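The primary structure of each chain is shown beneath.
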Amino acid sequence: MLAFCYISSVAKRKMTNFDLFFYMFIFFLTIFLYYFFVITRNKKSSSQRKGYKLPPGSMGWPYIGETLQLYSQDPNIFFINRQRRYGEIFKTKILGCPCVMLASPEAARFVLVNQANLFKPTYPKSKETLIGQSALFFYQGNYHMHIRKLVQTSLNPEAIRNQIPHIEELAISALNSWAGGHVVNTYIEMKKYSFEVGILAIFGHLDAHLKDQLKKNYSIVDKGYNSFPTNLPGSPYRNAIQARKRLGKILSEVISERKEKKLIEKGLLSCFLNAKDEKGLVLSEDQIADNIIGVLFAAQDTTASVLTWILKYLHDNPKLLQSVKAEQKAICQSNEQENHGLTWTQTRKMPMTNKVVLETLRLASIISFTFREAVADVEYKGYLIPKGWKVMPLFRNIHHNPEFFPDPQKFDPSRFENVQKPNTFMPFGSGVHACPGNELAKLEILIMTHHLVTKFRWEVEGSNSGIQYGPFPVPVGGLPARFWKESTTST
Ligand code: HEM
């Protein structure tokens with residue numbers, strides 16, 4: 001418009017070539033600006049034209065969004081405050097990514113189960129590089145289903161029940177190493193235990209030297225995983241990348257040996273080595289290695305965090321501890337008389353201990369949320385979730401909602417005597433990516449708890465009751481504690 005006025009005022013004098021060039025320049029500039037500001041800014045997706053609006057919420061500052069608010073406080077307080085202000089679906093922007101957060105059971109089911117094909121898994125590139133890009137978490141569709149079936153087969157109850165005596169050995173050996181009254185970092189020790197169980201589930205028996213090599217390099221990858229992803233020499237991330245390459249070589253050695261000697265071992269690796277897809281194709285060494293590292297990642301910190309919380313909650317609730325002890329000692333005495341170890345049937349019949357595990361999974365909610373990305377514009381309850389936006393079902397908000405779990409901050413295993421409302425309890429996720437390791441996780445937790453309460457006692461050091469994130473929530477300092485072996489197993 002301004003450009004048009006200028007053109008008419010100068011039209012009275014004689015036009016030069018320069019004038020002509022200038023007018024054309026202004027003309028095209030006007031068209032460009034009109035297109036940019038009027039057409040592109042008003043361009044709406046078909047869903048927006050249909051009147052769907054974005055969810056309520058704040059996108060914070062340009063680019064960084066609400067990143068500072070999220071990282072400067074307990075992330076769970078960030079989510080709960082926004083849920084209170086905006087309701088069960090709200091938008092925000094974190095690390096430059098627009099996100100929609102979903103805090104209702106129906107919305108979580110919509111994303112993870114009913115419309116799972118519209119939401120793909122999404123992880124930062126730096127994490128994908130460390131785990132390996134063929135790991136199942138990063139996929140949807142046929143490849144994901146193929147790998148997932150193999151993982152499920154090797155971790156189903158039929159497969160893991162035979163591992164009970166070996167898991168018991170690992171639990172007893174770990175507990176004996178903590179006993180004596182010295183201070184132990186419970187979380188770090190539980191990580192060692194869950195790593196050993198993971199190795200057992202993947203490899204069956206593994207040569208001690210190879211196991212040590214795996215442990216050493218895996219712990220470097222683990223440290224780099226949650227560090228700032230810079231490739232500067234000496235940085236934890238770069239060290240992790242190098243250790244990840246070494247892990248690939250070690251796994252390749254194990255695979256070659258198993259193929260050469262035709263070694264038959266139970267476990268995930270054997271499943272991978274024998275697998276063929278519908279076209280008869282076998283898995284490549286890289287695909288096997290990436291998925292083995294992926295499963296170790298999924299198995300270790302998660303189970304260790306839950307076990308650490310169980311020790312804390314039992315310690316803080318002496319009456320509950322007595323009930324769990326009574327239940328486990330009865331099993332122990334019967335097994336001593338009959339001279340055998342724990343059986344699968346017994347692990348299915350530990351009602352009190354099982355409720356403690358479920359309540360720990362709820363209250364600690366160690367996986368507070370998960371991430372997906374919308375692959376198309378999606379409409380949900382009149383709101384638009386635009387294509388490319390991240391979507392986060394907030395498990396912890398659902399687990400801590402008083403409507404579903406009255407007095408949600410209270411550790412009360414008896415609440416699991418009642419059946420939960422559908423989709424309100426999802427510690428292992430839901431839908432096509434739900435945890436295939438949940439039975440193994442529960443089994444190793446029950447076995448550790450059985451031996452802990454029947455043969456040991458423990459005291460937590462200090463009175464600090466905070467939470468630290470590493471990245472899963474654990475009691476502050478990893479729950480420093482002292483352990484003693486009890487001289488008798490009688491009640
Ligand atoms: C208490 C311990 C555990 C908890 C709370 C837990 C929780 C979860 C959750 C919530 C998911 C779904 C994530 C999503 O939807 O984005 C998941 C996926 C997964 N978990 Fe677990 N997990 C535990 C232990 C284990 C163990 C012991 C293993 C293996 C031995 C395992 C292997 C996996 C794998 C492979 C996936 C990815 C599945 C897929 O993408 O299809 N987890 N876990």
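Residues numbered from 1 in each chain as written. Predicted model: local features only at pLDDT ≥ 70, side-chain atom pairs only at ≥ 80, totals over all residues.

Q: I'm lost on the overall build of the protein chain in this one. Help?
A: Each helix and strand counted, the protein chain has 20 helices and 12 strands in total. Taking the contacts inside the protein chain whose residues are at least 6 apart along the sequence as the reference set, 74% of them involve residues at least 24 apart. (Helix = DSSP H or I, 4+ residues; strand = E, 2+ residues; numbered from the N terminus. Contact = placed C-beta atoms within 7 Å.)

Q: What should I look at first to understand the sheet that holds strand β8 (residues 390-393) in this one?
A: Backbone-to-backbone hydrogen bonds join strands into a sheet, with any given pair of strands oriented parallel or antiparallel. Read across the sheet, five strands follow the order β1-β2-β8-β5-β3 without closing on themselves; strand pairing throughout is mixed. Each edge of the open sheet is held by one strand with a lone partner, namely β1 (89-94) and β3 (119-121). Averaged over all pairs of adjacent strands, the angle between strand axes in this sheet comes to 35°, irrespective of strand direction. Here six bridges tie β1 to strand β2 (residues 97-102), and the two strands are oriented antiparallel to one another. (Pairing = 2+ DSSP bridges. Axes fitted to C-alpha atoms, helices over the stretch in contact; angles between N-to-C directions.)

Q: What is the right way to read the confidence of the model for the protein chain from this model?
A: One rule of thumb: low pLDDT means the predicted coordinates there are not for detailed reading. Averaged over every residue, the pLDDT of the protein chain is 90; residues scoring 70 or more account for 89%. Within the model, pLDDT remains below 50 along residues 1-14, and this stretch shows four contacts once partners closer than five positions in the same chain are excluded. The low-confidence segment residues 38-42 (pLDDT under 50) makes one contact with residues lying over four places distant or belonging to another chain. (pLDDT = per-residue confidence, 0-100.)

Q: Would you mind showing me how to read the UniProt feature "binding site: heme" (unreviewed entry) in the protein chain here?
A: Mapped onto this numbering, the UniProt entry gives "binding site: heme" (unreviewed entry) at C435. Relative to the assigned elements, C435 resides in the loop between α19 (395-399) and α20 (438-455). The class for C435 is partly exposed, based on 19 C-beta atoms found within 10 Å. In contact with C435, other than residues within four places in its own chain, are F428 and G429. (UniProt positions renumbered as here; feature names shortened; annotations may be inferred. Buried ≥ 20, exposed ≤ 12 C-beta atoms within 10 Å, placed from the backbone.)

Q: Help me understand the site of the ligand, please; the structure alone is not making it clear to me.
A: Of all residues adjacent to the ligand, which total 26 residues, the nearest are A298, T302, G429, C435 and G437. Elements with a contribution of two residues or more to the shell around the ligand: α8 (142-155), α11 (186-203), α15 (285-316) and α20. (Near = placed C-beta within 6 Å.)

Q: How do you make sense of the sheet that holds strand β12 (residues 480-485) when you look at a structure like this?
A: Judged by pairing direction, the sheet is antiparallel, and its three strands sit side by side in the order β4-β12-β9 without closing on themselves. Each having just a single partner strand, β4 (183-185) and β9 (456-460) make up the two edges of the open sheet. Across the sheet, the axes of successive neighbouring strands diverge by a mean angle of 40°, strand direction being ignored. Bridge count between β9 and β12: five bridges; the pairing is antiparallel. Residue pairing for β12: W458 is matched across the bridge by F483. The strands touched by α11 are β4 and β12; relative to β4, the strand with the most contacts, the crossing angle is about 60°.

Q: Looking at this structure, I do not really get the nonpolar core. What am I missing?
A: By size, the foremost hydrophobic cluster in this structure holds 79 residues, and its most contacted members are L268, I292 and I310. With 16 residues, the single largest contributor to this core is α15. Ignoring any residue separated from it by four or fewer positions in sequence, one finds L268 in contact with V151, S154, A201, I202, I292 and V295. Ranked by size, the runner-up nonpolar core spans 29 residues in total, among them A103, F110, Y380 and M392. (Core = buried A, V, L, I, M, F, W, Y, C linked by C-beta atoms within 7 Å.)

Q: Would you take a moment to explain the pairing of β1 for this structure?
A: Residues in a regular strand point their side chains to alternate faces of the sheet. The element β1 is largely enclosed, with a buried count of six among its six residues. Side chains I89, K91 and K93 of β1 all project onto a buried face; the interleaved residues F90, T92 and I94 project onto the opposite face, where all are buried too. The loop that links β1 with its antiparallel partner β2 comprises two residues; one of these, L95, has a positive phi angle of about 50°.

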